[in-house]
Amino acid sequence: MTEGSRQMITYVTLGSNDRRAAKDFYDAVLAPLGLKPGYSDDEMVGYGPEGGETQLWVVAPFNGQDATAGNGTMLALAASTRAQVDAVHAAALAGGGRDEGRPGLRENYGPNFYAAYFRDLDGNKLAVVCRSPA
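Every value quoted in this text rests on a predicted model; they were computed, and no experiment measured them. (Residues numbered from 1 in each chain as written. Predicted model: local features only at pLDDT ≥ 70, side-chain atom pairs only at ≥ 80, totals over all residues. Heavy atoms only, no water.)

(A) Region of the structure containing the overall build of the chain. Counting its secondary structure elements, the chain contains two helices and eight strands. Tracing the chain from N to C terminus, the helices and strands come up as β-α-β-β-β-β-α-β-β-β. The C-alpha atoms of the chain give 15 Å as radius of gyration, which agrees with the globular expectation for 134 residues (14 Å, within 12%). Along the first, second and third principal axes, the C-alpha set of the chain runs to 45 × 40 × 25 Å. Buried positions account for 37% of the 134 residues belonging to the chain. Counting contacts in the chain only where the partners sit at least 6 residues apart, residues at least 24 apart contribute 51% of the total. Split by element, the accessible area of the chain, about 7,900 Å² in all, is 48% carbon and sulfur. Across the chain, the 12 positively charged side chains and the 16 negatively charged ones have centroids separated by 6 Å. (Helix = DSSP H or I, 4+ residues; strand = E, 2+ residues; numbered from the N terminus. Rg over C-alpha atoms; globule rule 2.2 N^0.38 Å. Buried < 20%, exposed > 50% of the residue type's maximum accessible area, 1.4 Å probe, protein only. Contact = heavy atoms within 4.5 Å. Areas by Shrake-Rupley, 256 points an atom, 1.4 Å probe, with all protein chains shown as cover. Lys, Arg positive; Asp, Glu negative; His and termini not counted. Charge placed at Lys NZ, Arg CZ, Asp CG, Glu CD.)

Dropping the structure here:
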């Protein structure tokens, strides 16, 4: 980021009804991207790069209601390599996530748009995307 530029997003939260199960799921899913759990308690866990800011929070909803997945809402995670996309998708499925699109090129989004899609244990839809050439 250059001086004077601004981030569009500071962090993202995803609701979970079972934070302990969600932590196990996201520990495995985010590991191939080098993202690690930071702060964690009975109601939330935060992930980010080692030594960096927490950018993804998995939380019990603050209003005390059940967590539900938003229709049309999706979080896209950045991957540096296509192998990371493959590893994240495999970890998601192994951890009980649902497949929403196997890893592969989506050339309609760009010539190097390699992505996979899945839902977490609470039904939140996520993508992992690599935009680098093979």
